[in-house]
Amino acid sequence: MDHKTNLILPSLLASDWSKVGAEVQRAADAGAQWLHLDVMDGAFVDNISFGPQMVQVVRKCTEMYLDVHLMVHRADHYLERFIKAGANNITIHVEANYNTSVAETLKRIRAAGLHCGIALHPNTPFEAALPFVNDIDLLLVMTVVPGFGGQPFMEKETMPKLAAARDYRDAHGLKFNLEVDGGIYTNTAPIAKKHGANLFVCGTSSFGPPDMKQSMSDLAASVA
Ligand code: DX5
Ligand code: ZN
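Note that this is a predicted model, so its numbers are computed, not measured.

A.B. asks: Explain helix α5 (residues 155-171) here, please?
C.D. replies: One full turn of an α-helix is made of 3.6 residues, so residues set three or four places apart face in the same direction. Spanning 17 residues, α5 covers 24 Å between terminal C-alpha atoms, matching the ideal 24 Å at 1.5 Å per step. All of the buried residues along α5 are T158, M159, K161, L162, A163, A165 and R169. Where the residues of α5 are buried, they touch β5 (115-120), β6 (138-142), β7 (177-181) and α6 (189-194). Positive backbone phi, approximately 65°, marks G173, located one or two places after α5.

A.B. asks: Would you explain the coordination of the zinc ion (ligand 2) in this entry?
C.D. replies: Octahedral metals with six donors have ideal donor angles of 90 or 180 degrees. Tetrahedral metals with four donors have an ideal donor angle of 109.5 degrees. Binding of the zinc ion (ligand 2) to the protein goes through H36 (NE2), D38 (OD), H69 (ND1) and D181 (OD), at separations of 2.0 to 2.3 Å. With six donor atoms in place around the zinc ion (ligand 2) and angles of 68 to 174° between them, the coordination shape is octahedral. We note that the donor set of the zinc ion (ligand 2) lies within a single chain, spaced as H-x1-D-x30-H-x111-D. D38 gets classed as buried once you look at its relative accessible area, which sits at 4%.

A.B. asks: In this structure, what is going on with the packing of aromatic side chains? I would like to understand it.
C.D. replies: Remark: the centre distance and the inter-plane angle together describe each pair of aromatic rings, the angle taken between the planes. On inspection of all chains with the given rule, the structure shows three aromatic pairs. Here the aromatic rings of W34 and Y65 are separated by 3.9 Å at their centres, their planes lie at 20°, and the arrangement is stacked. With W34 in strand β2 (residues 34-40) and Y65 in strand β3 (residues 65-71), this pair connects stretches of sequence that are 31 residues apart. By relative accessible area, W34 is classed as buried at 8%. For R169, the ring lying beneath its charged end belongs to F176, and the centroid distance is 5.9 Å.

A.B. asks: What is the right way to look at the site of ligand 1 in this model?
C.D. replies: The immediate surroundings of ligand 1 are formed by 20 residues, with D38, G147, D181, G203 and T204 found nearest. Here an oxygen atom of ligand 1 sits 3.0 Å away from a polar atom, N or O, in the main chain of G150. In the complex, 99% of the free accessible area of ligand 1, which totals 380 Å², lies under the protein chains. Comparing atom positions with the cavity grids shows ligand 1 to sit within the largest pocket. For the shell around ligand 1, the secondary structure elements donating two or more residues are β2, β3 and β8 (199-202). Per-element accounting of the shell around ligand 1 gives the leading share, three residues, to β2.

Calculation rules
Residues numbered from 1 in each chain as written. Chains lettered and ligands numbered in written order. Predicted model: local features only at pLDDT ≥ 70, side-chain atom pairs only at ≥ 80, totals over all residues. Heavy atoms only, no water. Helix = DSSP H or I, 4+ residues; strand = E, 2+ residues; numbered from the N terminus. Expected span 1.5 Å × (residues − 1). Buried < 20%, exposed > 50% of the residue type's maximum accessible area, 1.4 Å probe, protein only. Contact = heavy atoms within 4.5 Å. Donors = N, O, S within 2.8 Å, 3.2 Å for Na, K, Ca; no water. Tetrahedral: all angles 85-135°; square planar, octahedral: opposite > 155°, others 65-115°. Phe/Tyr/Trp six-rings, centres within 6.5 Å; stacked < 30°, edge-to-face > 60°. Lys NZ or Arg CZ within 6 Å of the ring centre and 35° of its normal. Near = heavy atom within 4 Å. Polar contact = N/O pair within 3.5 Å; in protein donor to acceptor, adjacent residues only side chain to side chain. Areas by Shrake-Rupley, 256 points an atom, 1.4 Å probe, with all protein chains shown as cover. 1 Å grid on protein atoms, 1.4 Å probe; cavity = no way out; pocket = protein on both sides within 12 Å on 5 of 7 lines; lining within 4 Å. Sits in = over half its atoms within 2 Å of the grid points.

Functional significance is not addressed by these values, which are geometric in nature.
So this is what it looks like as C-alpha cells:
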C-alpha cells in the first residue's frame, strides 16, 4: 500500500456480468493487481449492484487484491459478510448512516486484518475526512456522483480537494493512498495524478475496449 505506487484498478461494475469469472481473468491477464468492486444498496446511492456473495465469487476466481467500495448505509451491519467474503480493502462513505460510527467501523475493518478507506462524494469537503486520516490506508476522492459507471470526470469540483488531501497528508507525515473513481480515462488520469492520486479506478476505460491488455497499458502509461 505504498502511496507512491501508481495502480490502475479495473472496476467490475463495467465488466460483462454474464461471464464474471472470465472477466476477472481478463483483468488479471491484462496486468491488473487490484480489482475494484462497487457495492450499492439502492438507498445510499440511487442504484443497486451486488453484495458480499459477488465478492465471494470473485475471491474464488482470483488472487488479485479486492478493493471493495461500499456505497451503502449501515456498512457496519454488513461488515462481517464482506470480511468473510474475502475483501482486502473496504472503503466506506463518510456521508452514510451507521448503527455505530465511521470510526468504529474503520477500527473493525483493521482489527480483521484488512486495509480500510474513507470515500468522499464530490460535494463533500476534504475536512469531513479529517477525523479519520490517521486511521485509514486510503482516501477515495469520488470524481463522479456515486451510483453509476460511465459518467463524466468532475474536474473542477474534485481536483482542488484531491490536492488539499495530498498536501495535508504530506505536511503531516501521513501515508494514506489517494484513489480516484469515476470518469478516469487516459486524458483525465494524468490530471488526477498531477493533483496527488496514485490509485486510479477505471471501469468503462479498462473493461470497455475489446483489448483490455491495451487499455490497461494505455492507462498505466498515462500516469507513468
Ligand atoms: C461509481 C463507481 C465507480 C464506477 C467507475 O459509483 O464507484 O467505480 O464503476 O465508473 P467509470 O470508470 O465507468 O466512470
Ligand atoms: Zn467505486
